[in-house]
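Chain residues, written in single-letter form:
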Amino acid sequence: MSTTAGAFIAGGIAACGAVTATHPFETVKIRMQLQGELQSKGHQPHHYRGPFHGVSVIIRNEGIRGIYRGLGCAYVYQILLNGCRLGFYEPMRHGLASVILNDGAKQSLGINMFCGAASGILGAMAGSPFFLVKTRLQSYSPFLPVGTQHHYRNAVDGTRQIYKAEGIAGLYRGVGAAMIRTGFGSSVQLPTYFFAKRMLTKHVGVEEGAPLHLASSTASGFVVCCFMHPPDTIMSRLYNQHGNLYKGVFDCLGKTIRTEGFFAIYKGFLPHLARILPHTILTLSLAEQTNKLIRKIEARILPTSETSASGF
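From a predicted model like this one, the values you see are computed outputs, not experimental measurements. (Residues numbered from 1 in each chain as written. Predicted model: local features only at pLDDT ≥ 70, side-chain atom pairs only at ≥ 80, totals over all residues. Heavy atoms only, no water.)

(A) How the structure looks around the overall build of the protein chain. Secondary structure summary: the protein chain contains ten helices and zero strands in total. Seen in sequence order, the protein chain has helices and strands lined up from the N terminus as α-α-α-α-α-α-α-α-α-α. The C-alpha radius of gyration computed for the protein chain amounts to 20 Å, which stays within 12% of the reference 20 Å derived for 312 residues, consistent with globular compactness. Along the three orthogonal principal directions, the C-alpha set of the protein chain runs to about 60 × 45 × 35 Å. Of all 312 residues assigned to the protein chain, the portion counted as buried reaches 51%. In the protein chain, the proportion of contacts linking residues at least 24 apart, taken out of those at least 6 apart, comes to 77%. Carbon and sulfur atoms form 66% of the exposed surface of the protein chain, whose accessible area is close to 13,900 Å². (Helix = DSSP H or I, 4+ residues; strand = E, 2+ residues; numbered from the N terminus. Rg over C-alpha atoms; globule rule 2.2 N^0.38 Å. Buried < 20%, exposed > 50% of the residue type's maximum accessible area, 1.4 Å probe, protein only. Contact = heavy atoms within 4.5 Å. Areas by Shrake-Rupley, 256 points an atom, 1.4 Å probe, with all protein chains shown as cover.)

In structure tokens:
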């Protein structure tokens, strides 16, 4: 097992732990992004008014099962996305820094952002079909429907229905928006996390450990949410549409702003923030620990030369 594979596994495990805790807010976020879709102001429903109100409404009407719709797809998506993001980021960064700066250990904001975006885009491409099915499962409600409703019995049934009706292209509907969304988020997530760690260690004197990981993850999560939410809203609508309501990313963006106003692209921001802060904290903090565990395992089965270059 290579060290890159080890980081991939560690990132996937960490992300699955995080998504279990934050999935309810993801469900609320998606429904808030879709409610009032292409309806003018004053005519939009407000079934879900915020992260905690949304969670309470869904649990009251649909139970725990309703708030955790699409969790299986979320696990697969997170393994692919964060496995790529956390597994490929450091090898890419080290390789580019070695070529461009002649020093693989040297840090460069531009290289860090590029590698963060590239590794995230790879993960988004691999996981897009699972995110599409997840979005449709989460948006479905027999009590307070918003947006287009897709009635799938489960993730397998959803995948089968989409493939039968639209083929492979249907499963990759909206992948462009997913790549933009994840590129935005990934370009700032790891660079912000490592920058915060360096600043806190250098200027505040915070030592390596859980408090440093927590503070750095919080800073990273907030920045990610600010950068990623507008394309996230567009992606949710492209994934959930029936037929060809939107021709693409920019068509969706234009129609949304013209009909609902500029701030429509920030619908669901608070539940997104409520999800992404603990998700980022848990993912990156757990990744630190799972990486240490994976490196110990690798040290026992791989030659020293292969494991000595691994890092997070």
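Still more ground to cover, so stick around.
(B) Structural context of the state of the cysteines. On inspection of all chains with the given rule, the structure shows zero disulfides. Lacking any disulfide linkage, cysteine 115 is separated from the closest cysteine sulfur, that of cysteine 84, by 14 Å. A relative accessible area of 0% means that cysteine 115 is categorised as buried. (Disulfide = S-S within 2.5 Å.)

(C) Focus on the packing of aromatic side chains. All chains considered together, the criterion is met by eight aromatic pairs. Centre to centre, the rings of tyrosine 193 and phenylalanine 194 are 5.5 Å apart; their planes meet at 65°, and the pair counts as edge-to-face. Of the residues examined, tyrosine 193 reaches a relative accessible area of 0% and is grouped as buried. Taken together, the ring pairs connect Phe262, Phe263, Tyr266 and Phe269 into an aromatic cluster. The ring of phenylalanine 131 carries lysine 134 above its face, with NZ or CZ at 4.2 Å from the centroid. (Phe/Tyr/Trp six-rings, centres within 6.5 Å; stacked < 30°, edge-to-face > 60°. Lys NZ or Arg CZ within 6 Å of the ring centre and 35° of its normal.)

(D) Quick look at the nonpolar core. Counting 19 residues, the largest nonpolar core has Val133, Ile162, Met235, Leu238 and Tyr239 as its most contacted members. Looking at this core, the elements that each hand over two or more residues are α3 (71–100), α4 (109–139), α5 (155–171), α6 (175–204) and α7 (210–240). Those residues within four positions of tyrosine 239 in sequence are excluded, and the remaining contacts are Ser128, Phe131, Leu132, Thr135, Arg136, Arg173, Gly174, Val175 and Ala178. Among the nonpolar cores identified, the runner-up in size contains eleven residues, and Phe25, Met32, Val57 and Ile67 belong to it. (Core = buried A, V, L, I, M, F, W, Y, C linked by side-chain atoms within 4.5 Å.)

(E) Local environment of the packing of α6 against α7. Here α6 crosses α7 at 170°, and the two axes come no closer than 8 Å. Classed by the angle they form, the pair α6 and α7 counts as roughly antiparallel. A breakdown of the residues in the contact of α6 with α7 according to their chemical character gives 20 nonpolar, eight polar and three charged. (Axes fitted to C-alpha atoms, helices over the stretch in contact; angles between N-to-C directions. Parallel < 35°, antiparallel > 145°, perpendicular 65-115°, else oblique. Nonpolar A, V, L, I, M, F, W, Y, C, P; charged D, E, K, R; others polar.)

(F) Looking closely at the packing of α4 against α5. Between α4 and α5, whose axes approach to 10 Å, the crossing angle comes to 125°. In this view, α4 runs oblique relative to α5, as classed from their interaxial angle. In the crossing of α4 with α5, the sense of the turn from one axis to the other is right-handed. Facing α4, whose interface residues are Ser128, Pro129, Leu132, Val133, Arg136 and Leu137, α5 presents Ala155, Thr159, Ile162, Glu166, Gly170 and Leu171. In terms of residue class, the contact of α4 with α5 is built from seven nonpolar, three polar and two charged. (Left-handed = near helix turned anticlockwise from the far one by under 90°.)

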